[in-house]
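# Observations on the three-dimensional arrangement
Spelled out, the chains give:
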Amino acid sequence: MTNHAAETLPARGKTDSSFVLKLIRRCIRDDREDEARRILLGAGAVTFATGAEALAWAELAEMLGERELGRASYALALGDAAAAPAALCALAGMELDAGAPDTARRLLEQARRQGMAPPQADRLEREIALAVSQASEFTPDLRAEQVRGKAVEKFLRLFRGRQGVYARQWYDRAKDISGYAPIYEPFTAAVAERHLAGALTVGLYPLTVQGTVFFAALDIDIAKACLPRLKTDARYREHTAGLFKGLISQLNQWRLRKGLSVLFENSGYKGIHAWFFFEHSVAAADAIALLEDAAHAMGALPPDLHCEIFPRQHSLNNKTLGNLIKLPLGVHRRSGKKSRLLDEKGLPVSDWHSLLLALRSNDGPGLAALLDELRARRLAGRVKRLPSPQMQPAAPPVAHTAGPAAAITKACAMLGYLAEKADRERRLTFTERRVLLGVLGHVPGGAGRLHHIIGQCSDYSRQITEHYIAKLKGTPLGCAKIRRMLFYLDGSIPCCCALPPSPWEYDTPVAFLPAAHDTTIGAAVSEAPAGHLTTAIRALEQQLAELKATVAAASVSAAPSNTAPCALESAPTLQG
């Protein structure tokens, strides 16, 4: 089957869908959703060889928040009998998310007639029934209408994250997996009401572009490996529930000592959240330090539990949104369970409106003093961890922020971006590390500069970095290859350097090596370019001539006139 998507996709030329699908999946796998979306939208007219390809394209479009493109691609897949049931199922799910359960049910019945597998059909049927029941549960009597409106207003005030974007949770019924798609629209009262009604499930990006947050959360979950046991073993469920109640009790004691307010929640899937709200925005680094202190108060967690802190980053660059977290009181699309607010004993609260309205955001001198104390503690910890001179590894001293390697990093926009990213995000991909190694590994002092940059990453290993440095061979990476390796930075990082003259046959950041170090490049490069051996030899000849002149001058002043010629004077000249 061949379908042409020219009527629904931008007409910019034919595209091989299988290649683009692989590229988009790779970007998503590497946490580069913005780049994946750019590739998806820029693919032009796409030819699908099979309905399965159209389905895959639609799933990726929906995952990346391009719902209309996903809907059009699902419609294309309906022309393939093998793919039609899954496409109808996906379209039914989209209608359900849009708050149209009746349309979703009609599409489900059509999918059943075309051979949809009973387990998938039953799951979707349960979702539709759940959405209908929760919508009726959310609709209060007229006396409570005013209370509900105030609660929604408070909900919006508490959950203030990145402006102009929120995320919707999706669920792939065929593969039984879920995820989130960013929606580039404001998080409004209408969206919040649909989230609270169970019609859709919303996540927010806590970190603002200024590197501040209005809320933060501890996310304590059961390890994935333990989930099957949780579903089948009643005693283990009771044991886990007891663990969560104990952790809530410890966190509650800690927050009372600190004079803070915390909101507890059963996430509806595999754990609990502890939410901290701030009346005025605070630096993300301060919020993370506060939650680290809270996590420390819980002590060591059992091996089947783990804890994460949101936000995870201290700041953002223009290409990322940061990590998101699902908001409370919504339905987890995969489990079908609605999250519940919990009291200080870890028991579900039925009147969430009143609990939310009574909750106060953290503010005032007490919070400021606590954040100052944590800031001072962090600074003291850094000073304490600085190694003394006796603790330094036995290696020649290398300048980390000065010298030829640092000069190259400063001169090359691409390398400068990678150094800045490591400092800002504490993370570099394997490809980004290869780029740094392929340039800095070939210059004097480059190994120390590499350790300085990569050492800022949270997963840094000195031994692994040394291993790759020791394996380095060949010649420095050229600018063209660096641009290919970092293709996702195209257009965002200026790469139009006026390279100085250099002996290299191709453009490479090593051309920025200061002139005083040009002749020492051979000490760092395992293999010089074959076309420039003559240049290297001439440089060595010049050094040899200067050395001979120095020795000769010393011999004339220190020895009798009949002294035999110096051995260096009789040394053969290096031939080119």
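Details of the structure are given in the entry above.
Throughout what follows, the structure given in this document is the object of discussion.

### Remarks on the overall build of the chain
- In terms of regular secondary structure, the chain is built from 22 helices and 12 strands.
- Counting across all 576 residues of the chain, residues that qualify as buried make up 46%.
- A fraction of 71% describes how many contacts in the chain between residues 6 or more apart in sequence connect residues 24 or more apart.
- Surface exposure of the chain reaches about 29,200 Å², of which carbon and sulfur atoms provide 56%.

### Brief notes about the pairing of strand E4 (residues 166-172)
- Here E4 lies mainly inside the structure; 7 of its 7 residues are buried.
- For E4 and strand E5 (residues 177-183), the ladder comprises 7 bridges, and the chain directions are antiparallel. Across the sheet, residue alanine 167 finds its bridge partner in E5, namely proline 182.
- Across 2 bridges, E4 lies against strand E6 (residues 202-204) in antiparallel orientation. Counterpart to alanine 167 in the pairing with E6 is glycine 203.

### Some details on the packing of aromatic side chains
- Considering all chains together, one arrives at 9 aromatic pairs under this definition.
- Between the aromatic rings of phenylalanine 159 and phenylalanine 277, the centroid separation amounts to 5.2 Å while the plane-to-plane angle is 90°, which identifies the pairing as edge-to-face. Of the two residues, phenylalanine 159 is situated in the loop between helix H8 (145-158) and E4 and phenylalanine 277 in strand E9 (residues 271-283); the sequence distance between them amounts to 118 residues.
- Residue phenylalanine 277 is classed as buried on the basis of its relative accessible area of 2%.
- Between tryptophan 254 and phenylalanine 276 the ring centres are 6.0 Å apart and the planes differ by 75°, which places this aromatic pair in the edge-to-face class. Of the two residues, tryptophan 254 is situated in helix H11 (residues 234-258) and phenylalanine 276 in strand E9; the sequence distance between them amounts to 22 residues.
- The class for tryptophan 254 is buried, based on a relative accessible area of 1%.
- On the basis of relative accessibility, which here comes to 1%, the residue phenylalanine 276 falls in the buried class.
- Here the aromatic residues Phe155, Phe159, Phe215, Trp275 and Phe277 are joined through ring pairs into a cluster of three or more.

### What about the environment of aspartate 172?
- You can see aspartate 172 is positioned in strand E4.
- It is 9.3 Å that separates the C-alpha atoms of aspartate 172 and arginine 333, two residues lying 161 residues apart in sequence.
- What aspartate 172 contacts, discounting residues up to four positions off in sequence, is Glu59 and Ile177.

### Describing the sheet that holds E4
- Here we have 4 strands laid out as an open sheet, ordered E5-E4-E6-E11, and antiparallel in their pairing. Here the strands that pair on one side only, and so sit at the sheet edges, are E5 and strand E11 (325-326).

### Structural notes on helix H9 (residues 189-197)
- Listed in full, the buried residues belonging to H9 are Val191, Ala192, His195, Leu196 and Ala197.
- Immediately downstream of H9, the backbone of glycine 198 shows phi near 90°, a positive value.

Rules and cut-offs
- Residues numbered from 1 in each chain as written.
- Predicted model: local features only at pLDDT ≥ 70, side-chain atom pairs only at ≥ 80, totals over all residues.
- Heavy atoms only, no water.
- Helix = DSSP H or I, 4+ residues; strand = E, 2+ residues; numbered from the N terminus.
- Buried < 20%, exposed > 50% of the residue type's maximum accessible area, 1.4 Å probe, protein only.
- Contact = heavy atoms within 4.5 Å.
- Areas by Shrake-Rupley, 256 points an atom, 1.4 Å probe, with all protein chains shown as cover.
- Pairing = 2+ DSSP bridges.
- Phe/Tyr/Trp six-rings, centres within 6.5 Å; stacked < 30°, edge-to-face > 60°.

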